[in-house]
Each structure stands twice: as structure tokens, then as C-alpha cells.
Amino acid sequence: LLLEKPLSHSLEGVDELLAAVQSGGGQVLIGFQFRFHPGLQLISRLLQEGAIGRPLSVHAHWGEYLPAWHPWEDYRLGYSARQDLGGGVVLTLSHPLDYLRWLIGDVHALWAFAASLSDLDIEVEDTAEIGLRFANGTLGSVHLDYNQRPSAHTLQVTGARGTIRWDNADGAVHLFQAGNLSETGQAGSWMGWQTFPPPPGFERNHMFLAEMRHFLQVVWGEATPLCTLEDGIQALRLALSILESSREGKLVLL
């Protein structure tokens, strides 16, 4: 199965789906296509290699103007703007909730504020500010909104020995590595900023093509899903916990 993200708008029926997949022996790939972005894949490798040391903090920012997504139709009628179709900025722009788990690890606790602040005349939240505490101690934050013009989607990871930045606008990864201390305790060599552009000709649709090629490999038994059903469940739990935190004004432990 290839399932679009988010897995659902609630956890109702998710246990039955999981049991059916386990019983039938099937494979599930969740359609978080940013796992197939070459920049984020490079960041994953850099973090695994310890390029910036232990991650201390991470921030993802994603803002887009909802009416500009499909200018040929009334944005208020689309699923992103409707409560009955599982809309709202938290579920619709839930990609960072998945790729932060992938890059940094499981989330231990979160708090959030989410509200409809714009003049878009929609019934769902259009802005969210989210704080995360990961199980490994890393602190994080996520900003999501339907209002920003021009749009921006960026990621920054600050580590004990450097910083990684990514900007979806050009797809490039920027890496700063601090040199080790010398024997005298003075700062040693500094490597400074390095830039890693995406492959020549890369465009947004290439993520979906890579995702589909991977899915075919899963079907043929040549690969296991890069984003599993369990990953989809955890991303959904995070999204629902964000809405719970905002609604009840409390820290949510996961």
C-alpha cells in the first residue's frame, strides 16, 4: 500500500489497519515525499556521521499562502481549509513532523499554540507554533502557517560542533563545521561554510518520482519502506498531540 500523508485525521481504525497489515504480511509506504529530497537525505547522512557533533536544537519553518496553492479554484472548498475533511495547517503541512523524527529521533514531549489568525475565512487553524523535546535531549521548534508571502520552508540544525541549514527554495544544504580545539586550548582550524547544491536540474516533482520508484522496489521485494506505517502513525500522533496541547493549554507527553 502507498498511503498519502497524513495517515488519517484521527487514530480511529488505525489499530485495525496495523493488525491487518501484520496479519496479511503486506508492506506500507507513507507518502511523506520530503524523505526523498536529496538535501534532507544529505542532512540525514551528515548527522549520522557526526558532522556537527551532537544535535542540540533544531528549527523547521514552513509558511505558504493557501489561496496561491490552487488559484484556479476556491481554496475554502479544498480539504486543507475544511474541518470535515481533516484540514488545518497542522495536518496538511505535517511533513516536518515526519522528517524531524527521521533526522533527530522520537519526540518525548511537546507544547503548541494553534489558531485561526488570518483573514482567509476558513474554519481550521492557519498558524501554529510548536515546541518539541526529543528523547535524546535535543530541543526543537516548528512554525507552520497558511499566510506567508513569499513562501518559505527552511530547516536549521545546531550541533555541538557546527550548524546545518537547508532551504527548500533552492534545495541546497549549507554546512558549517567548527575546528577542534588545539592542544593549547585555542581554537584550531575552521572549515567555515560549505554548500551542497541539489543534483543539476532537480525540481519538486523529482521527489514524487523517487518515491514511486522506491515503492516499486518495495512491491518487487527489493527494498523495505523508507517511511513505514509506524512512521505514519507516529507523525499522526504528533499532529493530534499538537492540536490537543493547543486546545487544552498543556504540555503533552508522548
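Further up the page is the structure itself.
Residues numbered from 1 in each chain as written. Predicted model: local features only at pLDDT ≥ 70, side-chain atom pairs only at ≥ 80, totals over all residues. Heavy atoms only, no water.

What is the right way to read the pairing of strand β7 (residues 152-159) from this model?
Here is the key point about a regular strand: its side chains alternate between the two faces of the sheet. Across the two faces of β7 the burial differs, with His153, Leu155, Val157 and Gly159 buried and Ala152, Thr154, Gln156 and Thr158 not buried at all. As paired strands, strand β3 (residues 55-63) and β7 are joined by eight bridges and run antiparallel to one another. Paired with Trp62 across the bridge in β7 is His153. Of the pairings in the sheet, the one linking β7 to strand β8 (residues 162-167) comprises six bridges and is antiparallel in character. The partner of Thr154 across the bridge, within β8, is Asp167. Count of turn residues in the β7/β8 antiparallel hairpin: two residues. (Buried < 20%, exposed > 50% of the residue type's maximum accessible area, 1.4 Å probe, protein only. Helix = DSSP H or I, 4+ residues; strand = E, 2+ residues; numbered from the N terminus. Pairing = 2+ DSSP bridges.)

Help me understand the environment of Trp69 in this model?
Tracing the backbone through its elements, the reader meets Trp69 in the loop between β3 and α3 (89-92). On the accessibility criterion, Trp69 (24% relative accessible area) is partly exposed. The spatial distance from the C-alpha of Trp69 to the C-alpha of Tyr146 is 9.9 Å, given a sequence separation of 77 residues. The residues touching Trp69, leaving out its near neighbours within four places in the chain, are Glu64, Ser80, Thr92, Leu93 and Tyr146. Side-chain polar atoms of Trp69 contact the side chain of Glu64, separated by 3.0 Å. (Contact = heavy atoms within 4.5 Å. Polar contact = N/O pair within 3.5 Å; in protein donor to acceptor, adjacent residues only side chain to side chain.)

Got a minute to help me understand the side chain of Asp231 in this structure?
Within the element layout of this structure, Asp231 appears in helix α6 (residues 229-248). The exposure class of Asp231 is buried, given its relative accessible area of 13%. Among the polar contacts listed, one links the side chain of Asp231 to the side chain of Arg101, at a separation of 3.3 Å. In this structure Asp231 touches Arg35, Asp98, Arg101 and Leu226, once residues within four positions along its chain are discounted.

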